[in-house]
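# A closer look at the structure
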There are 2 protein chains.
Amino acid sequence: MHVTAARHLDDGVLERSFTLGDVPGVLWTPGSPTAPVPLVLLGHPGGLQAVYPRLVARARHSVAAGFAAATLELPGSGDRPRSADAEGARADLRRALAAGEPVDAEVVDRLVLPLVEQAVPEWRAALDALLALPEIGGPVGYSGGVIAIGVRLAVVEPRIAAALLFAGSRVPRAVFEEARRVTVPLLVLLQWDDEGNDRQEALDLFDALGSAEKTLHANTGGHTGVPSFEGDDANRFFARHLR
Amino acid sequence: MHVTAARHLDDGVLERSFTLGDVPGVLWTPGSPTAPVPLVLLGHPGGLQAVYPRLVARARHSVAAGFAAATLELPGSGDRPRSADAEGARADLRRALAAGEPVDAEVVDRLVLPLVEQAVPEWRAALDALLALPEIGGPVGYSGGVIAIGVRLAVVEPRIAAALLFAGSRVPRAVFEEARRVTVPLLVLLQWDDEGNDRQEALDLFDALGSAEKTLHANTGGHTGVPSFEGDDANRFFARHLR
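Residues numbered from 1 in each chain as written. Chains lettered and ligands numbered in written order. Predicted model: local features only at pLDDT ≥ 70, side-chain atom pairs only at ≥ 80, totals over all residues. Heavy atoms only, no water.

Chain A appears in an unreviewed UniProt entry as Dienelactone hydrolase from Geodermatophilus saharensis.

Shown next as structure tokens:
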């Protein structure tokens, strides 16, 4: 893990940009660390620069509640090399949504499954590096989308103790089977009127998830309209399970 | 409003049993009132004595958060006179559930609609009496079931400023239309594995409710298995809207 830039935000939070191999990432920690804190991994749709304003708001909110927060750029997003297959699938998805047509399950598979295959080992490698820092103690929570990445991480990565899954992206068919193997406490967040999402698919995935403790929070509004009080709910959820 | 008994609970909360005409009810207020507080009406399935343990726990939790709480016995429950029609419908409902058969919409109508017609004017009369007390200031929230009673109160009673609706009872067809006219902020609580409930019907009702701000909290578990953290969430919901 190579720190490429560090600065203090106006609320004192220490923001470090880093690279792990050729994958860029960002780490946010308390400005004046005392004891090691648990870590929340912030999922996002890809494109760190574009999502930065929302991401840094989530990170500040997490740090204010006593956590560290970190994220990685996704494969094929930002400055990372594109995959022709994924770009083709993304174009097919956008075409179907723009035409108001149903999205082929095969298109969702082509778009999401390779992303999960490539991203999850990168996030696990980031965990190795982040948890080696003295100011981060664990346990670890995952918070956000891509939901298929969150499901895979929750299944394969024993350091993930709880997950907030944002049901704002399409779900490959294979992920419904995988979801049954999730056992950590879950908070699933669904925007009821998400333009690009399939509400029934999200509810079916919530039903499929295997965890004994799982909660769904659904709110009116579109993809980016998550109410601010859900940030507080997220912190309380992680406080229950990461402390 | 005639107070028939008053006592302080061990945490200091003042519990007053009362009758309003021939309808029994209970009021819980802070032991040492300072300023008038908002009021939360506690809905329940009927039978005050049987539900008292859960009800008093909810009431204590509300009072600890700075509210008064009150409830009324439902028509046909506790010591109140039975209706032969409602008893017949209840027997039909239980028979269908025990046999694992679908419940006729007509049975739900016969059971719930007369209950709503009779109960809602009683709760409104209770509001007149309760809001006349110096220690209660308003505004008012409704919290709990019967969900059709909560929907009707939210539509017809302008003093209701927010409602937490427990989706744990069957919904007459006419209530889906009525739900579109609800405009107050809503938190809908659904037990995902509720034995006697229809999950899809509850989700359809959530979708039908007209409020611009509405949130669904769904949790694993049966009818009485609402997690304790939902009590805190309820208090925060009412704090946002009744203060």
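Having put the structure on the table, let's press on.
Our focus in this paragraph is the overall build of chain A. Counting its secondary structure elements, chain A contains seven helices and nine strands. By the compact-globule yardstick of 18 Å for 243 residues, chain A fits well, its C-alpha radius of gyration being 17 Å. When its C-alpha atoms are laid out on the principal axes, chain A stretches across 50 × 40 × 30 Å. Restricting to contacts in chain A with at least 6 residues of sequence separation, those with at least 24 account for 67%. (Helix = DSSP H or I, 4+ residues; strand = E, 2+ residues; numbered from the N terminus. Rg over C-alpha atoms; globule rule 2.2 N^0.38 Å. Contact = heavy atoms within 4.5 Å.)

Attention shifts here to the interface of chain A and chain B. The partner chain B presents 21 residues to the 21 residues of chain A that form the contact. Buried area between chain A and chain B, both sides added, is near 1,700 Å², and the carbon and sulfur share of it is 53%. By the criterion of area lost to chain B, the three top residues of chain A are Trp-192, Thr-220 and Phe-229 of chain A, representing 30% of everything that side buries. Our enumeration of links across chain A and chain B arrives at two salt bridges. For Asp-207 of chain B, the salt bridge is made with Arg-199 of chain A, and the minimal N-O distance between the two is 3.1 Å. The tally of links from chain A across to chain B stands at 13 residue pairs in polar contact (both at pLDDT 80 or more). Those elements that provide at least two residues to the side of chain A that touches chain B are α6 (199-208), β9 (214-219) and α7 (229-242) of chain A. (Buried area = accessible area lost by both parts, 1.4 Å probe. Salt bridge = Lys/Arg side-chain N within 4 Å of Asp/Glu carboxyl O. Polar contact = N/O pair within 3.5 Å; in protein donor to acceptor, adjacent residues only side chain to side chain.)

Next up on the list: empty space enclosed by the protein. Taken as a whole and judged by the stated rule, the model has one cavity of 30 Å³ or more. Of the voids in this model, the largest cavity is the one considered here, and its volume is about 100 Å³. Lining the largest cavity, in full, are Leu-186, Leu-187, Glu-213, Thr-215, His-217, Asp-233, Arg-236, Phe-237 and Arg-240 of chain A together with Phe-229, Asp-233 and Arg-236 of chain B. Taken together, the elements giving at least two residues each to the lining of the largest cavity come down to β8 (186-191), β9 and α7 of chain A together with α7 (229-242) of chain B. With four residues, α7 of chain A is the largest single contributor of residues to the lining of the largest cavity. Of the residues assigned to the lining of the largest cavity, the class counts are four nonpolar, two polar and six charged. (1 Å grid on protein atoms, 1.4 Å probe; cavity = no way out; pocket = protein on both sides within 12 Å on 5 of 7 lines; lining within 4 Å. Points joined across faces, edges and corners; volume = space filled by probe spheres on them. Nonpolar A, V, L, I, M, F, W, Y, C, P; charged D, E, K, R; others polar.)

Looking now at the relation of the copies chain A and chain B. Taken together, a rotation about one axis and a shift along it account for how the two chain copies relate. Superposing chain A onto chain B requires a rotation of 180 degrees together with a translation of 0.0 Å along the rotation axis, leaving an RMSD of 0.0 Å. Taken together, the rotation and translation relating the two chain copies correspond to the operation of a two-fold axis. Relative to the rotation axis, the C-alpha of His-217 of chain A is the closest in chain A, positioned 2.4 Å from it. Most of the interface of chain A is mirrored in chain B, where 100% of its interface residues again form contacts. (Least-squares fit on C-alpha atoms with pLDDT ≥ 70 in both.)

This part takes up the pattern of salt bridges. All names here are of chain A. All chains considered together, the criterion is met by 43 salt bridges over all chains. Close ionic contact of Glu-15 with Arg-7 constitutes a salt bridge, the shortest N to O distance being 3.0 Å. When its relative accessible area of 7% is taken as the criterion, Glu-15 is described as buried. Residues joined by salt bridges that share partners form a network here, namely Asp-92, Arg-95, Glu-106 and Arg-110. (Buried < 20%, exposed > 50% of the residue type's maximum accessible area, 1.4 Å probe, protein only.)

Here the focus is the environment of Val-146 of chain A. Residue and element names in this part refer to chain A. Among the secondary structure elements, Val-146 is positioned in the loop between β6 (136-144) and α4 (147-156). Judged by relative accessible area, which is 10%, Val-146 ranks as buried. Taking the C-alpha atoms as reference, Val-146 lies 8.6 Å from Gly-46; in sequence the two are 100 residues apart. Ignoring anything within four residues of it in the chain, the contact list for Val-146 reads His-44, Pro-45, Leu-74, Val-112, Leu-115 and Ser-169.

Another aspect to go through is the packing of aromatic side chains. Residues and elements named next belong to chain A. Evaluation of the coordinates by the stated rule reveals seven aromatic pairs over all chains. Relative to Tyr-142, the ring of Trp-123 has its centre 5.8 Å away and its plane inclined at 65 degrees; by these criteria the two rings are edge-to-face. In this pair, Trp-123 is assigned in helix α3 (residues 105-131) and Tyr-142 in strand β6, connecting sequence segments 19 residues apart. In this structure, Trp-123 and Tyr-142 share a single accessibility class: buried. (Phe/Tyr/Trp six-rings, centres within 6.5 Å; stacked < 30°, edge-to-face > 60°.)

Helix length check: α7 of chain B (14 residues) gives 20 Å between terminal C-alpha atoms against 20 Å at 1.5 Å per residue, within 8%. Every buried residue belonging to α7 of chain B is among Phe-229, Glu-230, Asp-233, Ala-234, Asn-235, Phe-237, Phe-238, His-241 and Leu-242 of chain B, and all of these are buried. (Expected span 1.5 Å × (residues − 1).)

Attention shifts here to the environment of Leu-9 of chain A. If you trace the backbone, Leu-9 of chain A turns up in the loop between β1 (2-8) and β2 (14-20). As for Leu-9 of chain A and Arg-60 of chain A, which are separated by 51 residues in sequence, their C-alpha atoms are 9.0 Å apart.

On to the packing of helix α3 (residues 105-131) of chain B against helix α4 (residues 147-156) of chain B. All names here are of chain B. Put simply, α3 and α4 touch, their axes get as near as 9 Å, and they point 50 degrees apart. With respect to α4, the axis of α3 lies oblique. Note that α3 runs across α4; the crossing there is right-handed. On α4, the residues touching Val-112, Leu-115, Val-116, Glu-117, Ala-119, Val-120, Trp-123 and Arg-124 of α3 are Ala-148, Ile-149, Arg-152, Leu-153 and Val-156. (Axes fitted to C-alpha atoms, helices over the stretch in contact; angles between N-to-C directions. Parallel < 35°, antiparallel > 145°, perpendicular 65-115°, else oblique. Left-handed = near helix turned anticlockwise from the far one by under 90°.)

This part is about the side chain of Lys-214 of chain B. Relative to the helices and strands, Lys-214 of chain B resides in strand β9 (residues 214-219). As a buried residue without a salt bridge, Lys-214 of chain B has its nearest oppositely charged side chain in Asp-207 of chain B, at a separation of 4.9 Å. Here the side chain of Lys-214 of chain B touches Phe-206 of chain B through a polar contact of 2.6 Å, landing on its backbone oxygen. Among the polar contacts listed, one links the side chain of Lys-214 of chain B to the backbone oxygen of Leu-209 of chain B, at a separation of 2.8 Å. Setting aside its immediate chain neighbours within four residues, Lys-214 of chain B contacts Ala-218, Asn-219 and Thr-220 of chain A together with Leu-186, Phe-206, Asp-207, Ala-208 and Leu-209 of chain B. (Lys, Arg positive; Asp, Glu negative; His and termini not counted.)

Turning to unusual backbone geometry, a few remarks are in order. Of the consecutive residues Gly-138 of chain A and Pro-139 of chain A, the connecting peptide bond is found in the cis state with omega at 0 degrees. Positionally, Pro-139 of chain A belongs in strand β6.

Moving on: the side chain of Asn-219 of chain A. If you trace the backbone, Asn-219 of chain A turns up in strand β9. Side chain to side chain, Asn-219 of chain A and Thr-215 of chain B meet in a polar contact 2.5 Å long. Contacts of Asn-219 of chain A, omitting those with residues within four sequence positions, involve Leu-189, Leu-190, Gln-191, Trp-192, Pro-227, Phe-229 and Glu-230 of chain A together with Lys-214 and Thr-215 of chain B.

We now examine the nonpolar core. Counting residues in each nonpolar core, the largest one holds 122 residues, and the members touching the most others are Leu-41 and Ile-149 of chain A together with Leu-41 and Ile-149 of chain B. Not counting the four nearest positions on each side in its chain, Leu-41 of chain B is found in contact with Ala-70, Trp-123, Leu-127, Leu-130, Val-140, Gly-141, Tyr-142, Ser-143 and Ile-160 of chain B. (Core = buried A, V, L, I, M, F, W, Y, C linked by side-chain atoms within 4.5 Å.)

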